[in-house]
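# Structural overview
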Amino acid sequence: MERKFLDSTWRKKYRLIDMTTADVKRWLDKTDIVLLPVGSVEQHGDHMPLGTDIYTAMLVAYGAAEKADVPIAPEIWMGITPYHMHKPGTITVRYQTFANIIYDVCRSLIHHGFNKIVVSAGHKNNFATISEVARKIRYDTGGALVISYYRGEVAKEFGFPLFGLKGGDTRHGGEMETAGMLCWNPELVQMDKAKTETIHNPEWFTDAFKVSSVNTTRFKGYPIGLPLDHHEICDSGNLGDPRVANREIAEKIYVPVMDVLVDLINELRKIKVNVKNREFVEKA
């Protein structure tokens, strides 16, 4: 996978933010689909950059955009990540702030003629809010589709066997995210600082509880919602063993992730969407 973000010619062809309005018009003449990378800025351990989630979202979007021949909207780097605020550099936004940003960006794109906005999601905790915004946009426009595609499940399918992992652990800052960053820009990864880390129960838990993630805990084996902060379940910032990640393995994981997104885009081409309301009346 080539580092497309360094190629100005490639950027001007696929990234709206690097185009002129005439360039965007030419895209609209041939497609009503646009990709939107969305991520977060949050700690990922001592070896990974804060922008890991937006960078991996861009990695997937860039690869899919070229294969499917669709443009990419300006990335939304911020997300909902309050449980990482114990580490310096993490930036979180409130739920309504994030929802408003997603809504306004999508309505702007719809206003200009895009009917299908496919979010390349790099941060899982944004997913529920994006889905709710997508429903509101569909109701408000009369049909525009906003679809969120998260790399996690595809990455697990192809990545867990390579690393000898089992399902259930998102491996924050671990094997697969480190691999993705080695594809995006290895200069941002400090492998000499990578640590092996496992998830554990908060000190105040009783034996009846077993933590699964910052959002999910099991009580007597059954899942319950119990919000936690990351430092309560992890001594360092990452989970798993990022030291085993490398670029060769990364391509075996992230190329299939991109290919599924390409298949999704091509399937969406078959769907006719009739947008009845493009006017963004609340834009001011």
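Values in this document were obtained by computation on a predicted structure and should not be read as measured data. (Residues numbered from 1 in each chain as written. Predicted model: local features only at pLDDT ≥ 70, side-chain atom pairs only at ≥ 80, totals over all residues. Heavy atoms only, no water.)

### With respect to the sheet that holds strand β3 (residues 145–150)
- The strand order across the open sheet built from 3 strands is β1-β2-β3, with neighbouring strands paired in parallel fashion. Looking along the sheet, the strands with just one partner apiece sit at the ends: β1 (33–38) and β3. Here the average twist between neighbouring strands, direction ignored, is 25 degrees.
- As paired elements, strand β2 (residues 116–121) and β3 share 6 bridges and run parallel to each other. Bridging across to β3, Val118 finds its partner in Ile147. (Pairing = 2+ DSSP bridges. Helix = DSSP H or I, 4+ residues; strand = E, 2+ residues; numbered from the N terminus. Axes fitted to C-alpha atoms, helices over the stretch in contact; angles between N-to-C directions.)

### Re the pairing of β1
- Within β1, 6 of the 6 residues are buried, which leaves the element mostly enclosed by the surrounding structure.
- Residues of β1 alternate between two faces, with Ile33, Leu35 and Pro37 on one and Val34, Leu36 and Val38 on the opposite face, all of them buried.
- The sheet contact formed by β1 and β2 spans 6 bridges and is parallel. Paired with Leu35 across the strands is Val118, a residue of β2. (Buried < 20%, exposed > 50% of the residue type's maximum accessible area, 1.4 Å probe, protein only.)

### Quick notes on the pairing of strand β6 (residues 222–225)
- Relative to β6, strand β5 (residues 216–219) runs antiparallel, the two sharing 4 bridges. Across the sheet, residue Thr216 finds its bridge partner in β6, namely Gly225.
- Between β5 and β6, which pair antiparallel and follow one another directly, the connecting turn spans 2 residues, one of which, Lys220, has a positive phi of 55 degrees.

### Let's talk about the sheet that holds β5
- Taken in spatial order, the 3 strands of this open sheet run β4-β5-β6, and their pairing is antiparallel. The open sheet has two edge strands, β4 (209–211) and β6, and neither has a second partner. Taking the axes of each pair of neighbouring strands and ignoring which way they run, one obtains an average angle of 35 degrees across the sheet.
- The pairing of β4 with β5 spans 3 bridges and is antiparallel.

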